[in-house]
Amino acid sequence: MAVDAATKKEFNSKISEQKKTLAEFDKDIAALKKSMSQNEKLSPFFHIGIASKILKQINIYIEMNHLSERMMGTKNNANLDTAKRMLNNLFLEMEKVVTLNVDTTLTHNKEMLDQIKPFNPRMKLNFYKYVEQSIRRLIAGYGDNTKWKWSFPELWAKLAIIGKNITDFREIQAKRDPREEFFYDRQEMLNIVKEALFNASSMYRDKFEISTKSSNDLVYAMKLLQDLRKIATMTGDAELGKKCKSGIDSYKTRIKAEEKQKEK
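Residues numbered from 1 in each chain as written. Predicted model: local features only at pLDDT ≥ 70, side-chain atom pairs only at ≥ 80, totals over all residues. Heavy atoms only, no water.

1. So, the overall build of the chain
Next, step 1: Within the chain, the regular secondary structure consists of 10 helices and zero strands.
Next, step 2: Reading the chain from its N end, one meets helices and strands in the order α-α-α-α-α-α-α-α-α-α.
Next, step 3: Its C-alpha atoms give the chain principal-axis dimensions of roughly 65 × 50 × 35 Å.
Next, step 4: Of all 264 residues assigned to the chain, the portion counted as buried reaches 47%.
Next, step 5: Contacts in the chain between residues far apart in sequence, at least 24 positions, make up 75% of those at least 6 positions apart.
Next, step 6: Of the roughly 14,300 Å² that the chain leaves accessible, carbon and sulfur atoms contribute 49%. (Helix = DSSP H or I, 4+ residues; strand = E, 2+ residues; numbered from the N terminus. Buried < 20%, exposed > 50% of the residue type's maximum accessible area, 1.4 Å probe, protein only. Contact = heavy atoms within 4.5 Å. Areas by Shrake-Rupley, 256 points an atom, 1.4 Å probe, with all protein chains shown as cover.)

Encoded structure:
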């Protein structure tokens with residue numbers, strides 16, 4: 001669509017301000033990295049701080065695309081691609097805090113969790129929700145007909161795993177009194193993580209069925225369900241545990257069939 005000079009000027013002014021804000025966040029991240037190198041004991045908190053700054057930058061890039069669409073009538077895929085790449089950077093930072101390990105015991109990273117006790121359940125919940133909202137905004141920005149469609153399950157899976165791994169399941173088991181501080185935050189996070197793991201597993205199954213036909217995607221879908229089953233067992237959710245077992249058995253059967261087919 002034709003864009004008048006006044007709109008172009010306003011758009012360039014807004015983008016200029018956004019770029020200045022991005023540059024400020026770059027300085028903040030550089031300062032955090034420098035401080036981290038000088039105080040390794042606090043490195044988990046610096047990684048969380050860097051991830052939080054990256055998250056703010058991600059949303060600025062998404063907003064820049066939104067401005068381009070609204071004011072100029074064109075999608076800016078470069079900004080969306082940058083936001084997507086930075087989401088992976090965010091996960092790399094969080095991996096250093098709590099790992100991105102899948103199909104592990106629910107207490108495999110207990111020492112890491114002990115190191116970040118001040119990053120309390122409410123902070124964890126809010127951080128998770130902010131990342132979740134950012135992924136939704138990014139996917140909406142790309143639209144339906146995007147070449148990145150089958151890369152999105154990876155984003156959702158990584159978020160689900162981060163959610164699982166920042167959750168202290170020892171606290172959930174030990175602090176069951178609703179009068180306990182952060183009780184409802186822990187319960188909300190638990191429910192979110194369970195749903196996220198189930199949905200991510202389904203996405204990887206769909207990725208296999210519709211796109212890749214790679215048994216690796218089925219294996220990963222199964223591992224996500226295995227994590228979920230462990231949570232169901234810990235929380236005494238027999239119905240969810242049964243649902244997970246059924247899905248896992250189905251995946252195992254399918255994986256074996258794929259392996260035999262490859263051998264033929």
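Back to the write-up after that little detour.
2. Section: the packing of helix H8 (residues 183-212) against helix H9 (residues 215-235)
Next, step 1: Direction vectors running N to C along H8 and H9 enclose 160°, while the axes themselves pass 8 Å from each other. If you check the angle between H8 and H9, you find them roughly antiparallel. Here H8 runs over H9; the crossing is left-handed. Of the residues in H9, those touching H8 at Leu190, Val193, Lys194, Leu197, Phe198, Ala200, Ser201, Tyr204, Arg205, Lys207, Phe208 and Thr212 are Ser215, Asp217, Leu218, Tyr220, Ala221, Leu224, Leu225, Asp227, Leu228, Ile231 and Thr235. (Axes fitted to C-alpha atoms, helices over the stretch in contact; angles between N-to-C directions. Parallel < 35°, antiparallel > 145°, perpendicular 65-115°, else oblique. Left-handed = near helix turned anticlockwise from the far one by under 90°.)

3. Looking at the pattern of salt bridges
Next, step 1: All told, the structure shown has 23 salt bridges when counted by the stated rule.
Next, step 2: As a salt-bridge pair, glutamate 17 and lysine 20 come within 3.6 Å of each other at their nearest N and O atoms. Here lysine 20 and glutamate 17 lie together in helix H1 (residues 5-38), a separation of three residues that amounts to about one turn.
Next, step 3: Here aspartate 103 ties to lysine 230 by a salt bridge, and the two come within 2.9 Å at their closest N and O atoms. Here the residue aspartate 103 occupies a position in the loop between helix H3 (77-98) and helix H4 (110-115), and lysine 230 occupies one in helix H9, the gap between them amounting to 127 residues.
Next, step 4: The exposure class of aspartate 103 is partly exposed, given its relative accessible area of 29%.
Next, step 5: Residues joined in a network through salt bridges with shared partners are Asp114, Lys117, Asp168, Arg170, Glu171 and Arg186. (Salt bridge = Lys/Arg side-chain N within 4 Å of Asp/Glu carboxyl O.)

4. Focus on the side chain of glutamine 226
Next, step 1: Inspection of the secondary structure puts glutamine 226 in helix H9.
Next, step 2: The class of glutamine 226 is buried, set by a relative accessible area of 17%.
Next, step 3: With residues up to four places along the chain from it excluded, the contact list for glutamine 226 reads Asp103, Ile248 and Lys252.

5. Structural notes on helix H2 (residues 43-72)
Next, step 1: Under the 1.5 Å per step criterion, the end-to-end length of H2 is 42 Å for 30 residues, consistent within 8% with the ideal 44 Å.
Next, step 2: Where burial is concerned, most of H2 is hidden: 21 out of the 30 residues are buried.
Next, step 3: Looking one or two residues beyond H2, the residue adopting positive phi is glycine 73, at roughly 75°. (Expected span 1.5 Å × (residues − 1).)

6. Some thoughts on unusual backbone geometry
Next, step 1: Unlike most non-glycine residues, threonine 99 shows phi in positive territory, near 75°.
Next, step 2: Turning to its location among the elements, threonine 99 is positioned in the loop between H3 and H4.
Next, step 3: Although it is not a glycine, lysine 213 sits at a positive phi angle of roughly 60°.

7. Some remarks on the nonpolar core
Next, step 1: Counting 77 residues, the largest nonpolar core has Ile58, Leu90, Phe91 and Val131 as the members making the most contacts within it.
Next, step 2: Sort the elements by how many residues they give to this core and H2 lands first, with 14 residues.
Next, step 3: Residues in contact with isoleucine 58, not counting those within four places in the same chain, are Ala83, Met86, Leu87, Leu90 and Ser134. (Core = buried A, V, L, I, M, F, W, Y, C linked by side-chain atoms within 4.5 Å.)

8. As for the packing of H9 against helix H10 (residues 238-263)
Next, step 1: Between H9 and H10, whose axes approach to 9 Å, the crossing angle comes to 160°. Viewed along their axes, H9 and H10 adopt a mutual orientation that is roughly antiparallel. As H9 packs across H10, the resulting crossing turns out to be left-handed. Contact residues: H9 offers Ser215, Leu218, Val219, Ala221, Met222, Leu225, Gln226, Leu228, Arg229 and Ala232, while H10 offers Leu240, Gly241, Cys244, Lys245, Gly247, Ile248, Tyr251, Lys252, Arg254, Ile255, Glu258 and Lys262.
Next, step 2: The residue makeup of the contact of H9 with H10, split by class, is 12 nonpolar, four polar and six charged. (Nonpolar A, V, L, I, M, F, W, Y, C, P; charged D, E, K, R; others polar.)

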